Amino acid sequence: MDNKNQNTMLSPHFSLWEMTRSGTAERLGIKNIPNDEEVENLKLLCKNVLEPLRERFGRIIITSGFRCESLNNRVKGVATSQHLHGQAADIHISNRETSMRYFNFIKDHLVFDQLLFERKLSNGCLWLHVSYRARNNRRKIGVVSLK
Ligand SMILES: [Zn+2]
């Protein structure tokens, strides 16, 4: 898939651009372009998790979706990250109350593989990481601290 297709919609409210954009990739000139299989995974994630969440709460902000290997390395993502396969998204949370609403809604109403509060220890940043895969979603929940 090439850059011309960045406007492609993956689902009614989420574009390929939104699910692949990255300030780090732009700054470093990394082409963060998913292959067809990764695009299909992004579509499943949008359809099954992000769209229902948006329908319930209104606009949500995705801070990281698909990451190619070089981008994942630069942002120090783990080597097995589901972002590498287009199966995961990080969702911006503005405050604790909102984050608990998102968390509980996904946990109680949706199918997902992993639902994690991720906190970066160096700057205290907190976000919600959610993933979905085509088969065998594990419904794992937890809190993860990253260096
Ligand atoms: Zn993540």
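Structure's up top.
A short tour of the structure in this document, coming up. Just so it is clear, the model here is predicted, and its values are computed rather than measured.

**Some points on the overall build of the protein**
- Scanning the protein from N- to C-terminus turns up five helices and seven strands.
- For the protein, the N- to C-terminal ordering of α and β elements is β-β-α-α-α-β-α-β-α-β-β-β.
- Computed over its C-alpha atoms, the radius of gyration of the protein comes to 14 Å, within 12% of the 15 Å expected for a compact globule of 147 residues.
- The principal-axis extents of the C-alpha atoms in the protein amount to approximately 35 × 35 × 30 Å.
- Looking at the protein as a whole, 45% of its 147 residues qualify as buried.
- Pairs at least 24 residues apart make up 67% of the contacts formed inside the protein by residues separated by at least 6 positions.
- Computing the positive centroid from 23 side-chain charges and the negative centroid from 15, the protein places the two 6 Å apart.

**Quick notes on the side chain of His 129**
- Residue placement: His 129 occurs in strand E6 (residues 126–131).
- Side-chain polar atoms of His 129 contact the side chain of His 83, separated by 3.3 Å.
- A polar contact of 3.2 Å, which involves the side chain of His 129, links it to the side chain of Asp 90.

**Focus: the sheet that holds strand E7 (residues 140–146)**
- If you walk across this open sheet you meet the five strands as E3-E4-E6-E5-E7, and the pairing is mixed. The strands lining the two open edges of the sheet, one partner per strand, are strand E3 (62–64) and E7. When the angles between neighbouring strand axes are averaged without regard to direction, this sheet yields 30°.
- Summarising the sheet, strand E4 (residues 88–92) and E6 pair through five bridges and their orientation is antiparallel. Counterpart to Ala 89 in the pairing with E6 is Val 130.
- Contacting E3, E4 and E6, helix H3 (residues 36–57) runs over the sheet at an angle of about 15° to E4.
- Against the sheet, helix H5 (residues 96–109) touches E4, strand E5 (114–120), E6 and E7, its axis set at about 155° to E5.

The rules we used
Residues numbered from 1 in each chain as written. Predicted model: local features only at pLDDT ≥ 70, side-chain atom pairs only at ≥ 80, totals over all residues. Heavy atoms only, no water. Helix = DSSP H or I, 4+ residues; strand = E, 2+ residues; numbered from the N terminus. Rg over C-alpha atoms; globule rule 2.2 N^0.38 Å. Buried < 20%, exposed > 50% of the residue type's maximum accessible area, 1.4 Å probe, protein only. Contact = heavy atoms within 4.5 Å. Lys, Arg positive; Asp, Glu negative; His and termini not counted. Charge placed at Lys NZ, Arg CZ, Asp CG, Glu CD. Polar contact = N/O pair within 3.5 Å; in protein donor to acceptor, adjacent residues only side chain to side chain. Pairing = 2+ DSSP bridges. Axes fitted to C-alpha atoms, helices over the stretch in contact; angles between N-to-C directions.

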